[in-house]
Amino acid sequence: MVKARWIGIACLGITAFGWGLNWPFMKLLLRELPPLSARGLAGVTASLILAVVAWSRRERLSVPREAILPLLFATFTNVIAWMGFGTVAMKWVTVGEGALLAYTMPIWATLFAWPLLGMRPTVRNIIALCLGIIGIVILFGGDGFSFTPEKLAGASLALSAAILFALGNILNRAPIPVPPVALVAWQVGLGCLAMIVFGLLFEKPDFSAVSLQGWALMAYMTIVPMGVCYLTWFETLRILPPATASTGMLLVPIVGVMSAALMVGEPLGLREVLAMVFTLGGVTLALQRT
């Protein structure tokens, strides 16, 4: 039992650091490729790898007819909104701003649970919302809320990613009758294929101009956060209690913000630290069960 717990903690650490480092790596990759094309190509490639993994585990890859609509809706909320909107947002916001806005998701899930599931927010939930709002105000209020149109678009997309992902978590409560790895392969593949299509329509990616570093970043994004980290995340959920796993995911924005300061040269001062403390404090409260 003790050994299994340590394996779960190790898997949680791999997942958190793999997903956390993806934020600054994506920021660097966007200097060479537009967001939808970059994320779409990496995601479709990763979905093929995940499909092979699912096949090797003897998981059924077919999707029952009654599961098609739930699968498409989950693909929209979990991939197109969460990954797509979040990636496009990175064009105009810093890693810290994008990551902290995206990881307010549990707060919005608590709010959606009231009208959709009849779960009234508690005092703890209200405090969590207030802490999250204070953190966002601190983060974006340093310049007196002088939003440029680009900054406003980026913040709106990152917040929309969190809100739609939270809505999906509430509405997708009924399990989709597809094995776990195969289900991720389908969602990532369909969602990222849509990103490639929109990228070809509205972006002008020049893959021939991508540097060796750019392709290395693309390989990392394909193999680690979209491949290895999904597998370690499933193992984490299998071993550790859900509350422990969810709270541990708060390492992701912390790793993202700190690594962005080192790799991308983004600011990491008192304002950013306070924003993390308040925002992630609110998220922690939202994740707790009364």
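Residues numbered from 1 in each chain as written. Predicted model: local features only at pLDDT ≥ 70, side-chain atom pairs only at ≥ 80, totals over all residues. Heavy atoms only, no water.

Next up on the list: the environment of Cys 11. Its place among the elements puts Cys 11 in helix H1 (residues 2-29). Residue classification places Cys 11 among the buried residues on the basis of a relative accessible area of 11%. Sequence separation between Cys 11 and Thr 232 is 221 residues, and the spatial gap between their C-alpha atoms is 5.0 Å. Excluding anything up to four places from it in sequence, Cys 11 contacts Thr 232, Glu 235 and Thr 236. (Helix = DSSP H or I, 4+ residues; strand = E, 2+ residues; numbered from the N terminus. Buried < 20%, exposed > 50% of the residue type's maximum accessible area, 1.4 Å probe, protein only. Contact = heavy atoms within 4.5 Å.)

Turning our eyes to something else, we now look at the packing of aromatic side chains. Aromatic ring pairs are reported here in terms of the distance separating the ring centres and the angle at which the planes meet. By the definition in use, this model includes seven aromatic pairs. On the numbers, 6.1 Å between centres and 50° between planes, the contact of Trp 19 with Trp 233 is tilted. A residue pair is termed long-range when its members are at least 10 positions apart, and Trp 19 in helix H1 and Trp 233 in helix H9 (residues 212-239) qualify at 214 residues. For the pair Trp 19 and Trp 233, a shared accessibility class is recorded, and that class is buried. (Phe/Tyr/Trp six-rings, centres within 6.5 Å; stacked < 30°, edge-to-face > 60°.)

Another aspect to go through is unusual backbone geometry. Even without being a glycine, Arg 58 presents a positive backbone phi close to 65°. As for its position among the elements, Arg 58 is in the loop between helix H2 (35-56) and helix H3 (68-89). Given the relative accessible area of 81%, Arg 58 is considered exposed.

Time to look at the nonpolar core. Judged by nonpolar contacts, the single largest core of 60 residues is most densely connected at Trp 23 and Met 83. Those residues in contact with Trp 23 that sit more than four places away from it in its chain are Met 90, Val 95, Gly 98, Ala 99, Ala 102, Tyr 103, Val 252 and Gly 256. In this structure, Leu 100, Ile 107, Leu 139 and Ala 158 belong to the second largest nonpolar core, which totals 18 residues. (Core = buried A, V, L, I, M, F, W, Y, C linked by side-chain atoms within 4.5 Å.)

What follows concerns the UniProt feature "domain: EamA" (unreviewed entry) in the protein. This chain's UniProt record puts "domain: EamA" (unreviewed entry) on residues 7-140 and 153-286. End C-alpha atoms of residues 7-140 are separated by 38 Å, and the span's content is 79% helix alongside 0% strand. (UniProt positions renumbered as here; feature names shortened; annotations may be inferred.)

Once that is clear, we can look at the pattern of salt bridges. Using the criterion set out here, one finds four salt bridges in the structure. We note a salt bridge from Glu 97 to Lys 151, for which the minimum N-O separation is 2.7 Å. Linking Glu 97 in helix H4 (residues 95-102) with Lys 151 in helix H7 (residues 149-171), this pair joins segments that are 54 residues apart in sequence. Judged by its relative accessible area of 9%, Glu 97 falls in the buried class. Residues Glu 272 and Arg 271 are paired through a salt bridge, measuring 3.8 Å at the closest nitrogen-oxygen approach. For Glu 272, a relative accessible area of 11% puts it in the buried group. Residue Arg 271 is classed as partly exposed on the basis of its relative accessible area of 31%. (Salt bridge = Lys/Arg side-chain N within 4 Å of Asp/Glu carboxyl O.)

Time to look at the packing of H2 against H9. Contact geometry for H2 and H9: axes closest at 9 Å, N-to-C directions at 45°. Put simply, H2 runs oblique to H9. In terms of crossing hand, the pair formed by H2 and H9 is right-handed. Across the interface between the two elements, Ala 38, Arg 39, Leu 41, Ala 42, Gly 43, Thr 45, Ala 46, Ile 49, Leu 50 and Val 53 of H2 pack against Trp 215, Met 218, Met 221, Thr 222, Met 226, Gly 227 and Leu 231 of H9. For the contact of H2 with H9, a count of residues per class yields 12 nonpolar, four polar and one charged. (Axes fitted to C-alpha atoms, helices over the stretch in contact; angles between N-to-C directions. Parallel < 35°, antiparallel > 145°, perpendicular 65-115°, else oblique. Left-handed = near helix turned anticlockwise from the far one by under 90°. Nonpolar A, V, L, I, M, F, W, Y, C, P; charged D, E, K, R; others polar.)

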